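Structural overview for review
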Amino acid sequence: MKQRKRMWIYAIVSMLITICISGFGRMAYGILMPYMRDSLNLSYQQAGMLGTSTAIGYLAMVLLVGIMASKWGSKPLVVIGLLLLAGGCMILFNAGSYAASLIGMIMLGVGTAFGYTPLVNIVVGWFPNNRGMMIGLLLSGMGLGTLIASLIAPIFNMWFDDYGWRYLWLLFGVGSILTTLVAVRILKDPPVPLPQKGEQGVSLFKEVYFHKGVLLVAFIYGLIGFAYLIPQSFFFSYILEAGVNEKNAGDIMALGGVMSIFSGPVWGAVSDNIGRKLSLCITIFLGGSSILIPIFIPVLSSFVISQALWGFTFVGMLSLIQALSTEQVHQSYAPIALGYVTIYFAGGQILGPGIGGLLTDKLGGISAALWLCVGLLAMALLLAPRLKHAAAADDFEEAAEIPSR
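Residues numbered from 1 in each chain as written. Predicted model: local features only at pLDDT ≥ 70, side-chain atom pairs only at ≥ 80, totals over all residues. Heavy atoms only, no water.

**Examining the packing of aromatic side chains**
What counts here: Each Phe, Tyr or Trp ring, with Trp reduced to its six-membered ring, pairs with another whose centre is within 6.5 Å; inter-plane angles below 30 degrees give stacked pairs, above 60 give edge-to-face pairs, and intermediate values give tilted ones. Helix numbers and strand numbers start at the N terminus; a helix is a DSSP run of H or I with at least 4 residues, a strand a run of E with at least 2. In this scheme, a residue with accessible area under 20% of its type's maximum is buried, one over 50% is exposed, and one in between is partly exposed, where area comes from a 1.4 Å probe on protein chains only. Only lysine NZ and arginine CZ atoms are considered, and such an atom sits over a ring when it is within 6 Å of the ring centre and within 35 degrees of the ring normal.
Applying the stated rule across the entire model yields 20 aromatic pairs. Consider the rings of Trp169 and Phe172, whose centres lie 5.7 Å apart with planes at 90°: the pair is edge-to-face. Of this pair, Trp169 and Phe172 both sit in helix H7 (residues 164-186), 3 residues apart, roughly one helical turn. The pair formed by Trp169 and Phe172 is uniform in burial state, with each residue classed as buried. Members of the aromatic cluster, each reached through a chain of ring pairs, are Phe93, Phe156, Trp159, Phe160 and Tyr167. Arg6 extends its terminal NZ or CZ atom over the ring of Trp126, reaching a point 4.1 Å from the ring centre.

Encoded structure:
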């Protein structure tokens, strides 16, 4: 009972952290961008580069952070990540130029890298038997942060006119500082058992980067990343082209966002009971089916079903893949494995919109891009049954029961 109570305390604190580092730090910019662009007189190219700079800051650090977490512990990195995030928000609050905004946005990306992967390592280390649900809850924090930002942005813009976006960044920064204090008080690094005697001194190339299980997880993650941004980029336009009015189209997209909040923890909990591999196969199948429905039947009801099903399954795929990445290796290498497979996911995200747009132009419509999404998910579905459940959780299950110090 004591362990379960602590699990929910860690879940709530971890969700607060991901609301800050992922929801506010990475997702909120898309909501605030129009206000920032007008206020700072930015071009669309500059505004787009600000968003890209956050992704670059994240990618530049995510693998290194995994290595640092395995050597020096995860909690200090989570704290550093939150403080970097708060600093970036404060810079954006005071930004008067594109250059200053660029520095702030890069800090947000670096802060996210420092915060997320070590946080996954903490919850997986303490609660190995519930890792699916715990990672799912972390990912739901991203959706909640985005929802909070989308709800309060118009209110702040109404209250403070041209300065509304600045005060939102200030609010995000203050929230990150308060969350840092909570994290310092509550979180503790889990006890991680040392590798077996024969495993000590093994290079990361053998143990992680060329590990067959890790590479298979990484390749599937890359396919999902490739597929993910295609409907995210083109589905709204596809709905409008079908004759649905803009308000209904926006409501349909919002439905997908709301469903995504529940996707991670629900599928994570399911996978803790029926297995990660089977759960991943189910979510990939349902996700691909959700994209097929409006291709064959492009009407309002199909779009509603499609977005609800896509939102309810996609974040679940992410949580399952992340959990699987930590299960392929010894727990001491788990943050490195997670950072490594994330690079494949990000690479897929870079390819998706560009190739999807090319197919849309060359093959006569958005449906061509959606077919590419379905094909990529089908490839992932063919590979997923080859995954093997590693015994990593068993290696440290007993250690995770050690009471907090």
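**A few points about the nonpolar core**
Going by this rule: We call a set of buried Ala, Val, Leu, Ile, Met, Phe, Trp, Tyr and Cys residues a nonpolar core when their side-chain atoms join them within 4.5 Å. Throughout, a residue-residue contact means that at least one pair of heavy atoms, one from each residue, lies within 4.5 Å.
Core analysis: the largest hydrophobic core is formed by 107 residues, its most contacted members being Ile17, Met134, Trp169, Phe172, Leu187, Ile220 and Ile224. In terms of residue count, the dominant contributor to this core is helix H9 (residues 212-241) (17 residues). With sequence-adjacent residues up to four places away left out, Ile224 is seen in contact with Ile284, Phe314, Met317, Leu318, Ile321, Phe345, Leu377 and Ala380. Grouped together as the second largest cluster of nonpolar side chains are 10 residues, Tyr58, Met68, Leu77 and Ala113 included.

**Some words on helix H1 (residues 2-27)**
Our working definition: One less than the residue count of a helix, multiplied by 1.5 Å, gives the span that helix is expected to have. Throughout, the bend at a residue refers to the angle made by two axes, fitted to the seven residues ending there and to the seven starting there.
An ideal rise of 1.5 Å per residue puts 38 Å on 26 residues; H1 measures up with 35 Å between its terminal C-alpha atoms. Most pronounced at Ile19, the bend in H1 amounts to some 30°.

**Overview of the confidence of the model for the protein**
Close inspection of predicted coordinates is inappropriate for parts of the model with low pLDDT. Just so we agree on the cut-off: Summary of the metric used: pLDDT quantifies the predictor's per-residue confidence within the range 0 to 100.
Averaged over all residues, the pLDDT of the protein is 83; the fraction at 70 or higher stands at 93%. Across the protein, helix H11 (residues 276-296) holds the top mean pLDDT of 94, while helix H15 (residues 392-400) sits lowest at 44.

**With respect to a nonpolar patch on the surface**
Stated precisely, the cut-off is as follows: The patches described consist of residues with a relative accessible area above 30% and no salt bridge, like charges being joined within 9 Å and nonpolar side chains (Val, Leu, Ile, Met, Phe, Trp, Tyr) within 5 Å. Residue burial considers only the protein chains on display, and all accessible areas are found by Shrake-Rupley using a 1.4 Å probe. The term salt bridge refers to a pairing of a side-chain nitrogen on Lys or Arg with a carboxyl oxygen on Asp or Glu at a separation within 4 Å.
On the surface, a nonpolar cluster with roughly 650 Å² of combined accessible area is contributed by Ile155, Met158, Trp159, Phe160, Tyr163 and Tyr167. Here the nonpolar patch takes 4 residues from helix H6 (residues 131-160), the largest share from any one element.

**What about the packing of helix H10 (residues 246-274) against helix H12 (residues 300-327)?**
Counted only if it meets this: Fitted lines through C-alpha atoms serve as axes, helices being fitted only where they are in contact, and the angles separating the N-to-C directions of these axes extend from 0 to 180 degrees. For classification purposes, an angle smaller than 35 degrees is called roughly parallel, one larger than 145 roughly antiparallel, one from 65 to 115 roughly perpendicular, and anything else oblique. By the definition used in this description, the sense in which the near helix is turned from the far one sets the handedness, with an anticlockwise turn below a right angle giving left-handed and a clockwise turn giving right-handed.
One way to put it is that H10 packs onto H12 with a least axis distance of 6 Å and a crossing angle of 40°. As the angle between them shows, H10 and H12 are arranged oblique. H12 is crossed by H10, and the crossing has right-handed handedness.

**Considering the packing of helix H4 (residues 75-94) against H7**
What counts here: Residue classes follow a fixed rule: Ala, Val, Leu, Ile, Met, Phe, Trp, Tyr, Cys and Pro count as nonpolar, while Asp, Glu, Lys and Arg count as charged, and any other residue, Gly among them, counts as polar.
Between H4 and H7, whose axes approach to 8 Å, the crossing angle comes to 160°. Here H4 is positioned roughly antiparallel relative to H7, judged by the angle of their axes. Considering the relative orientation of H4 and H7, their crossing is left-handed. Residue composition of the contact of H4 with H7, by class: 18 nonpolar, 5 polar and 2 charged.

**Concerning H7**
Here H7 contains 23 residues, and its C-alpha end-to-end distance of 33 Å stays within 8% of the 33 Å for a straight helix at 1.5 Å per residue. Of the surrounding elements, those touching the buried residues of H7 are H1, helix H2 (29-40), H4, helix H5 (98-126) and H6.

**Looking at the side chain of Ser140**
Using the following cut-off: Think of a polar contact as two N or O atoms within 3.5 Å of one another; within protein, one of them needs to be a possible hydrogen donor and the other a possible acceptor, and neighboring residues in sequence only count if both atoms come from side chains.
By secondary structure assignment, the location of Ser140 is in helix H6. Looking at Ser140, its side chain comes within polar contact range of the main-chain oxygen of Leu137, at 2.6 Å. Leave out the neighbours within four places in its chain, and Ser140 touches Met15, Ile261 and Pro265.

**Here's the deal with the pattern of salt bridges**
Under the counting rule described, the total for this entry stands at 5 salt bridges. Put simply, Arg131 and Glu327 hold a salt bridge, and the shortest N to O gap is 3.5 Å. One end of the pair, Arg131, is in helix H6; the other, Glu327, is in helix H12, and 196 residues separate them in sequence. A single burial state applies to Arg131 and to Glu327, both of which are buried. Glu327 is paired through a salt bridge with Arg276; the nearest N and O atoms lie 2.6 Å apart. With Glu327 in helix H12 and Arg276 in helix H11, this pair connects stretches of sequence that are 51 residues apart. Like Glu327, the residue Arg276 is buried in the burial classification.

**So, the side chain of Ser290**
Inspection of the secondary structure puts Ser290 in helix H11. The buried category is assigned to Ser290, whose relative accessible area is 0%. If sequence neighbours within four positions are ignored, Ser290 has contacts with Ser306, Leu309 and Trp310.

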